[in-house]
Amino acid sequence: MSNFLGSALDSALGRFRRGAIDAARRALPQRCELCAGTSGSELLCPGCARALPRLGPACPTCALPIPDGAVCGRCLAQPPPFDATIAAFAYAFPVDRLMYAFKYHGRVALAEWGAQAILTARAGARPDRLVALPLSRERQRERGYNQAYEIARILARELRIPLVRGGVHRDRAAPPQAALPWTERAKNVRGAFACELDLKGLSVAVVDDVMTTGASLAEFARTLKRAGATRVENWVVARTLPPRSD
Ligand SMILES: [Zn+2]
Ligand SMILES: [Zn+2]
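Every value quoted in this text rests on a predicted model; they were computed, and no experiment measured them. (Residues numbered from 1 in each chain as written. Chains lettered and ligands numbered in written order. Predicted model: local features only at pLDDT ≥ 70, side-chain atom pairs only at ≥ 80, totals over all residues. Heavy atoms only, no water.)

A. Quick peek at helix 5 (residues 110-121). When the terminal C-alpha atoms of helix 5 are compared, their 17 Å separation across 12 residues agrees well with the 16 Å that a helix rising 1.5 Å per residue should span. Most of helix 5 is tucked away: nine of the 12 residues are buried. Note on helix 5: the residue one or two positions beyond its end, Ala123, has a positive phi of about 50°. (Helix = DSSP H or I, 4+ residues; strand = E, 2+ residues; numbered from the N terminus. Expected span 1.5 Å × (residues − 1). Buried < 20%, exposed > 50% of the residue type's maximum accessible area, 1.4 Å probe, protein only.)

B. Up close: the packing of helix 4 (residues 95-104) against helix 5. One can describe the packing of helix 4 onto helix 5 by two numbers: an axis separation of 9 Å at closest approach and a directional angle of 130°. By the criterion of interaxial angle, the relationship of helix 4 to helix 5 is oblique. The residues of helix 5 that touch helix 4, namely those facing Val95, Leu98, Met99, Ala101 and Phe102, are Leu110, Ala111 and Trp113. The class makeup of the residues in the contact of helix 4 with helix 5 is eight nonpolar, no polar and no charged. (Axes fitted to C-alpha atoms, helices over the stretch in contact; angles between N-to-C directions. Parallel < 35°, antiparallel > 145°, perpendicular 65-115°, else oblique. Contact = heavy atoms within 4.5 Å. Nonpolar A, V, L, I, M, F, W, Y, C, P; charged D, E, K, R; others polar.)

C. The coordination of the zinc ion (ligand 1), seen in detail. Within the protein, Cys32 (SG), Cys35 (SG), Cys45 (SG) and Cys48 (SG) serve as the donor atoms for the zinc ion (ligand 1), at 2.3 to 2.4 Å. For the zinc ion (ligand 1), the four donor atoms are set out with angles of 102 to 117° between them, so the coordination reads as tetrahedral. In the primary structure, the donors to the zinc ion (ligand 1) are separated according to the pattern C-x2-C-x9-C-x2-C. Of this pair, Cys32 sits in the loop between helix 1 (3-27) and helix 2 (46-50) while Cys45 sits in the loop between helix 1 and helix 2, and the two are 13 residues apart along the sequence. Considered together, Cys32 and Cys45 belong to a single accessibility category, that of buried residues. (Donors = N, O, S within 2.8 Å, 3.2 Å for Na, K, Ca; no water. Tetrahedral: all angles 85-135°; square planar, octahedral: opposite > 155°, others 65-115°.)

D. Fine view of the sheet that holds strand 2 (residues 129-132). Strand order in this open sheet of four strands is 1-6-5-2, and the pairing throughout is parallel. For this open sheet the edge positions go to strand 1 (84-90) and strand 2, each flanked by a neighbour on one side alone. Adjacent strand axes in the sheet meet at a mean angle of 20°, parallel and antiparallel pairs treated alike. Relative to strand 5 (residues 203-211), strand 2 is paired through four bridges, and the arrangement is parallel. What sits directly across from Arg129, in strand 5, is Val204. Together, strand 2, strand 5 and strand 6 (231-239) form the strand contacts of helix 7 (residues 147-159), whose direction differs from that of strand 5 by roughly 135°. (Pairing = 2+ DSSP bridges.)

E. View of helix 4. Burial in helix 4 covers these residues: Val95, Leu98, Met99, Ala101 and Phe102. An end-on view of helix 4 places all buried positions within 160° of arc, on one side of the element. In this structure, the buried residues of helix 4 make contact with strand 1, helix 5, helix 7, strand 5 and strand 6. (Arc of directions from axis to C-beta.)

F. Structural context of the environment of Arg137. Relative to the helices and strands, Arg137 is located in helix 6 (residues 137-143). Under the relative-accessibility criterion, Arg137 is labelled exposed at 63%. Distance from Arg137 to Arg170, taken between C-alpha atoms, is 7.5 Å for residues 33 residues apart in sequence.

G. Fine view of the nonpolar core. Counting 43 residues, the largest nonpolar core has Phe89, Trp113, Leu130, Ile151, Leu155 and Trp235 as its most contacted members. Contributing elements (two or more residues each) for this core: strand 1, helix 4, helix 5, strand 2, helix 7, strand 5 and strand 6. Not counting residues within four places of it along the chain, the set of residues in contact with Leu155 comprises Ala115, Ile118, Leu119, Leu130, Arg160, Val207 and Trp235. Core analysis: the second largest hydrophobic core is formed by 28 residues, Leu55, Ala215, Phe220 and Ala229 among them. (Core = buried A, V, L, I, M, F, W, Y, C linked by side-chain atoms within 4.5 Å.)

Pasting the structure below:
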C-alpha cells in the first residue's frame, strides 16, 4: 500500500476509533486518569481535579504569574504580537503527565478535558474564529493528529464559533522547540508559519495545548495579523512558568 493510502486509512480508522472511544467513555463509569479511583463520566476524580495546579493572578497578555494581575513588565516593555492569553493551568505535575499522555501516547480523550478547562478559564471571551496552532506536515504524520486541533474542534462545537480548517500552515519542519534552549526558540520559529486566508477585521483565538516560551504563538500571531486579524488571543490548557534564575 502506498504511504499516502496508508496514512489516509490510518487517519480514517483513527477518527472512527476516537468516535467509538468517546461514545464508550460517556456510557461507562470511568477510572481516574491519575489515581485510578472512580471518576463517574469524568476523566479525573473530583479530588484529583481539585488538586491540579491552577494559575493564580497572571498577566492578561502572556499569562505569567504577577501578584496584582496587571500587564507584566516584559509585555509593557516589549508588547508581544498577541493581545491576550488564557491559560487554564500551570504546566506542572500532574498536568505535565496528562499532557504528555495526550501528546505522545495518543490519549485523545484528554482533548475533552483540556477543552473543558479552557472553557472554564475563558471568562466569556468570544472571538470571531478559532484556529489550532498548526503542526508541520512531517510532525502531524508522525503523531497521526494535531493535539491542538483536537482541543480546538471541541471548543468550536461547544461555543459555536467557526473553526479555521485550512489555509494556515507550518512550513518548516524546524527542530522541535522542546530540543532548544529558551533563548534559541524565537529564532527557530521566525517565518515558520503561512496564512492564505483573509482575516480582515476578525478577532481570532489560537488554541494550543502548552504555551512554553510563547515563541511559536507569537510568530503565529504575527502571521495572522499580517493576514488582517485585528486581535489574536492564545487559548492554552497549560502555561510553562519560566525557569527560576537563582
Ligand atoms: Zn483521581
Ligand atoms: Zn506579560
